[in-house]
Amino acid sequence: MKKHLKGIVLNIENIAKDTVRLEFSTPLESILPGQFVSILIPHKTLRRPFSVADFCLNSAFGTNNRNFDSILEENAKNKGAITVLFKLKGDGTNYLKGLQKGDMIDYLAPLGNTFTIPDNKNNPKNTASASGDITIKTTDARGCETVDRINQTVMNGTKGMDKDSEPSGAIETKAVACAIGVNSSKKALLIGAGIGIAPMLYLKKILDKKSISNYLISGFKTEEEVIKGSDGVVIGGSVIDKVQNLIDEFRPEILYSCGPKVVLQMVCDIAKKNELRAEIAMEKVMACGIGVCRGCVIKLEKDDAIKNASVCADGPVFSGAEVIWE
Amino acid sequence: MIDLSVDFGKFYLENPILTASGTYGYCDEFDAFLDVRNIGAIVTKGITLEERPGNEGKRLFETSSGLINRIGLENIGIEAFVNRKLARLRKLGINFILNIAGKTEEDYVQLAEISQREEIPAIEVNVSCPNVKAGCLEFGTDEKCLYDLVSRIREKYKGFLIIKLTPNVTNIEDLALAVQNAGADCISAINTVKGLGVELNFSGTKVVKSLVQGGLSGKCIKPVALSMVKRIKEVANLPVIGLGGISNLNDMLEFFTVGAEAIQIGTENFTNPSIAVNLAKELAEFIVKQGFRDLKHLKEELRK
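Small disclaimer: the values here were computed from a predicted structure and weren't measured.

S.K.: For the overall build of chain B, give the residues involved together with the corresponding values.
M.R.: Looking only at helices and strands, chain B has nine helices and 16 strands in total. Computed over its C-alpha atoms, the radius of gyration of chain B comes to 19 Å, within 12% of the 19 Å expected for a compact globule of 304 residues. In terms of overall dimensions, chain B has a C-alpha envelope of 65 × 50 × 40 Å along the principal axes. For chain B, the proportion of its 304 residues judged to be buried stands at 60%. Residue pairs in contact within chain B that sit at least 24 positions apart in sequence constitute 68% of those at least 6 positions apart. With an accessible surface of roughly 12,600 Å², chain B has 50% of that area assigned to carbon and sulfur atoms. Chain B carries 36 positive and 39 negative side-chain charges, and their two centres are separated by 2 Å.

See below:
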């Protein structure tokens, strides 16, 4: 059930060039991957939608959070924390960048739909340990469990790459993946492009929790813009160039993606070619965020009929095969 | 309980705060944020005879203190409204006004007949639509055309008839009088103001531009709306429901001052989904705090 809520900024930090991670308290007890929050920006007409990049529900975190109860009465009920990521773009994101710990956030949540999660039955290689991933589980300062993958570290270690000798500027994903011993079977392939990585990170966390083997490949324009958390990273080139290889190697059942329209369109094309289901999280300027204003509609083709769907309420996650691209 | 009621004779409001057409859908989404029965009345999304898919391409453009939209009246059509939405509105006891729009006079007449048949208590007529048979000039911009349209609707519909005037005219007074002479019960003003949003993106010398021509709403149009309401009230005796950029108690009081009996909240519903109910509470508290007897007393003092 969507609600109009208030939370307190628990953490705000730069995590990459022009990229900010914002964490705020919430009374919600759950939120699904793909869902988004719509944050009020003072003096702007429209709220700004942000995909959930992480959600934690943790009593240890709650104790720290109590310091803010004097700022916001409702905060006593806020036992959870929502994380969003954003790229500095306009007035809205620049306002948010200026927030500090303890500042109040007015938001609507949870909004939108979620991804279909495949079941993990009948797959002998479905657990993280069985699939051969090397993972380090840590507990962060807030008491939230985080999973840092070794291969991410490997990726970050490829600094100083000679861009001239690699025209696309891309890291050879496949080689790196093999080097760290990734098993050749993954149920889900997640493709993030730029800030579109946000919902992919939260989806990955949920898939991991459900022991559904998965691989997240992300693409960024420059090394400075890389957001951590992927299994494989492409810098400079197109993340799409790596997707066919990954499909051939991992034989996923489903592709998930979020990013610019051009990337999503290519993900859908690749999915079609490989006869795979693709679920994509879309973005459009929104006014109401709840399906009433019809400002953010796209066209879907379903059962041979073309009909409108609002990104905010019918989406933001759509089956790639149904989307009609403008 | 402070009396906030507005009695139009044919139509009664518990409080003077309505939600504007196009910002509240068919009232089936906002339950999550507030008790919609506490709103004076909700005005439905504009309904046409047939279902409409709305405009292609970009539909929204945010401006300084405002919003341009070109939704293009995407709606489910009158029959689907009657079959799927009407029963729910009635069952929940939501006070509502049906907003109707058409491409020809005949469209409006049929919608009026259906509204009469379904005993819909109040309708608001959007006259900012292009009249296909008159070279696509908007119905609401020509007094003769508007008079004919309202007269024909009036013949078929006996309930509370509100005409929503467009501000995109030179002499709003003439149009208000045309509506009055044709037998309408009420005027709502204003609809959106014509506006253009221009977005430019450069990649070296290559320019990618996006032009969004549509209706401007939000805080920036409030002075236009106040002026229009005042000018209408100076010539017409019909009650006026004011709208255009209202987002707080003071805005509402300004509209009462220039003669509005009730007001509608539009774009602000997107920013603050519980505003309609909150404003009713604030208004009641304000009346008590200042020592007015009721809403009528407050309006009298504002208009002295």
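S.K.: Talk me through the interface of chain A and chain B; I want residue IDs and the actual numbers.
M.R.: Counting residues at the interface gives 24 residues for chain A, matched by 28 residues for chain B. Across the interface of chain A and chain B, roughly 2,200 Å² is buried in total on both sides, 60% from carbon and sulfur atoms. For the pair chain A and chain B, the interface holds four salt bridges. The residue Lys299(A) makes a salt bridge to Glu56(B) at a minimum N-O spacing of 3.8 Å. Looking at the side of chain A that touches chain B, the elements that each hand over two or more residues are β1 (3-16) and β14 (297-302) of chain A. Class assignment of the residues belonging to the side of chain A that touches chain B gives a composition of 12 nonpolar, four polar and eight charged.

S.K.: Give a detailed account of the environment of Leu5(A), specifying residues and quantitative values.
M.R.: All names here are of chain A. Note on placement: leucine 5 falls in strand β1. With a relative accessible area of 9%, leucine 5 lands in the buried category. The contacts of leucine 5, once residues within four sequence positions are left out, are Thr26, Pro27, Leu28, Ile105, Asp106, Tyr107 and Ala109.

S.K.: Help me get a handle on the confidence of the model for chain A, residues and values and all.
M.R.: All names here are of chain A. Here chain A averages 82 in pLDDT, while 75% of its residues score no lower than 70. Confidence, read as mean pLDDT per element, is least for helix α3 (residues 150-156) in chain A (37) and greatest for strand β3 (residues 36-39) (98). Within the model, pLDDT remains below 50 along residues 122-182, and this stretch shows 108 contacts once partners closer than five positions in the same chain are excluded.

S.K.: Lay out the pattern of salt bridges with the relevant residues and their values.
M.R.: Applying the stated criterion to the full structure yields 37 salt bridges over all chains. Residue Arg48(A) pairs with Glu62(B) through a salt bridge whose shortest N-O separation is 2.9 Å. Residue Arg48(A) is found in strand β4 (residues 48-57), and its partner Glu62(B) is found in strand β5 (residues 60-63); the two belong to separate chains. A relative accessible area of 18% means that Arg48(A) is categorised as buried. Here Glu62(B) falls in the partly exposed class, since its relative accessible area comes to 23%. As a salt-bridge pair, Glu261(B) and Lys299(B) come within 3.1 Å of each other at their nearest N and O atoms. Here Lys299(B) lies in helix α9 (residues 295-303) and Glu261(B) lies in strand β16 (residues 260-265), a separation of 38 residues in the sequence. For Glu261(B), a relative accessible area of 21% corresponds to the partly exposed category. For Lys299(B), a relative accessible area of 6% puts it in the buried group. Via salt bridges that share partners, Glu105(B), Glu106(B), Lys133(B) and Arg152(B) belong to a single interconnected network.

S.K.: How would you explain the sheet that holds strand β14 (residues 206-217) of chain B if you had to name every residue and give the values?
M.R.: Paired through their backbone hydrogen bonds, the strands of a sheet run either parallel or antiparallel. All names here are of chain B. Taken in spatial order, the four strands line up as β5-β6-β14-β13 in an open sheet, and their pairing is antiparallel. Two strands bound the open sheet, and with one partner strand each, they are β5 and β13 (193-203). Ignoring strand direction, the axes of neighbouring strands in this sheet form an average angle of 40°. In this sheet, strand β6 (residues 66-69) lies alongside β5 in antiparallel orientation, the contact comprising four bridges. Paired with leucine 60 across the strands is asparagine 69, a residue of β6.

S.K.: Give me the pairing of strand β12 (residues 254-258) of chain A: which residues, what numbers.
M.R.: Residue and element names in this part refer to chain A. Counting buried residues along β12, five of its five residues qualify, which places the element largely inside the surrounding structure. Alternating residues of β12 divide into Ile254, Tyr256 and Cys258 and Leu255 and Ser257, and every residue in both groups is buried. As paired strands, strand β9 (residues 188-193) and β12 are joined by five bridges and run parallel to one another. Each bridged residue has a counterpart across the sheet, and for alanine 188 the counterpart in β12 is isoleucine 254. When β12 meets strand β13 (residues 277-281), the two strands line up parallel, connected through five bridges. Each bridged residue has a counterpart across the sheet, and for cysteine 258 the counterpart in β13 is alanine 281. Of the crossover connections in this fold, the one passing from β12 over helix α7 (residues 261-273) to the parallel β13 is right-handed.

S.K.: Residues and numbers for unusual backbone geometry, please.
M.R.: Residues and elements named next belong to chain A. In the segment running from alanine 109 into proline 110, the intervening peptide bond is cis, with an omega of -15°. Assignment of secondary structure puts proline 110 in strand β6 (residues 104-111). Non-glycine residue serine 211 carries a positive phi angle of around 55°. Residue classification places serine 211 among the partly exposed residues on the basis of a relative accessible area of 26%. Phi angles above zero are rare outside glycine, and arginine 294 is one such case at about 65°. Considering the arrangement of structural elements, one finds arginine 294 in the loop between β13 and β14.

S.K.: I'd love a proper account of the domain arrangement of chain A, names of residues and values included.
M.R.: Residues and elements named next belong to chain A. Partitioning chain A into structural domains gives domain 1 (3-111) and domain 2 (135-281). Each partner contributes to the interface: domain 1 provides 22 residues, whereas domain 2 provides 17 residues. Summing both partners gives a buried area of about 1,600 Å² for domain 1 against domain 2, and 62% of it is carried by carbon and sulfur. Considering only the surface of domain 1 that becomes buried against domain 2, Pro33, Leu85 and Lys87 emerge as the three largest contributors, covering 27% of it. Across the contact surface, domain 1 and domain 2 share two salt bridges. One salt bridge connects lysine 205 with aspartate 54, and the closest N-O pair in it is separated by 2.7 Å. The interface formed by domain 1 and domain 2 holds six residue pairs in polar contact (both at pLDDT 80 or more) in total. Those elements giving two or more residues to the side of domain 1 that touches domain 2 turn out to be β1, β2 (19-26), β4, α1 (59-65) and β5 (80-87). Considering every element that reaches the side of domain 1 that touches domain 2, the biggest residue donor is β4, with six residues. Broken down by class, the residue content of the side of domain 1 that touches domain 2 amounts to 13 nonpolar, four polar and five charged.

Calculation notes
Residues numbered from 1 in each chain as written. Chains lettered and ligands numbered in written order. Predicted model: local features only at pLDDT ≥ 70, side-chain atom pairs only at ≥ 80, totals over all residues. Heavy atoms only, no water. Helix = DSSP H or I, 4+ residues; strand = E, 2+ residues; numbered from the N terminus. Rg over C-alpha atoms; globule rule 2.2 N^0.38 Å. Buried < 20%, exposed > 50% of the residue type's maximum accessible area, 1.4 Å probe, protein only. Contact = heavy atoms within 4.5 Å. Areas by Shrake-Rupley, 256 points an atom, 1.4 Å probe, with all protein chains shown as cover. Lys, Arg positive; Asp, Glu negative; His and termini not counted. Charge placed at Lys NZ, Arg CZ, Asp CG, Glu CD. Buried area = accessible area lost by both parts, 1.4 Å probe. Salt bridge = Lys/Arg side-chain N within 4 Å of Asp/Glu carboxyl O. Nonpolar A, V, L, I, M, F, W, Y, C, P; charged D, E, K, R; others polar. pLDDT = per-residue confidence, 0-100. Pairing = 2+ DSSP bridges. Axes fitted to C-alpha atoms, helices over the stretch in contact; angles between N-to-C directions. Right-handed = clockwise from strand over helix to strand, strands pointing away. Domains from an automatic or database assignment. Polar contact = N/O pair within 3.5 Å; in protein donor to acceptor, adjacent residues only side chain to side chain.

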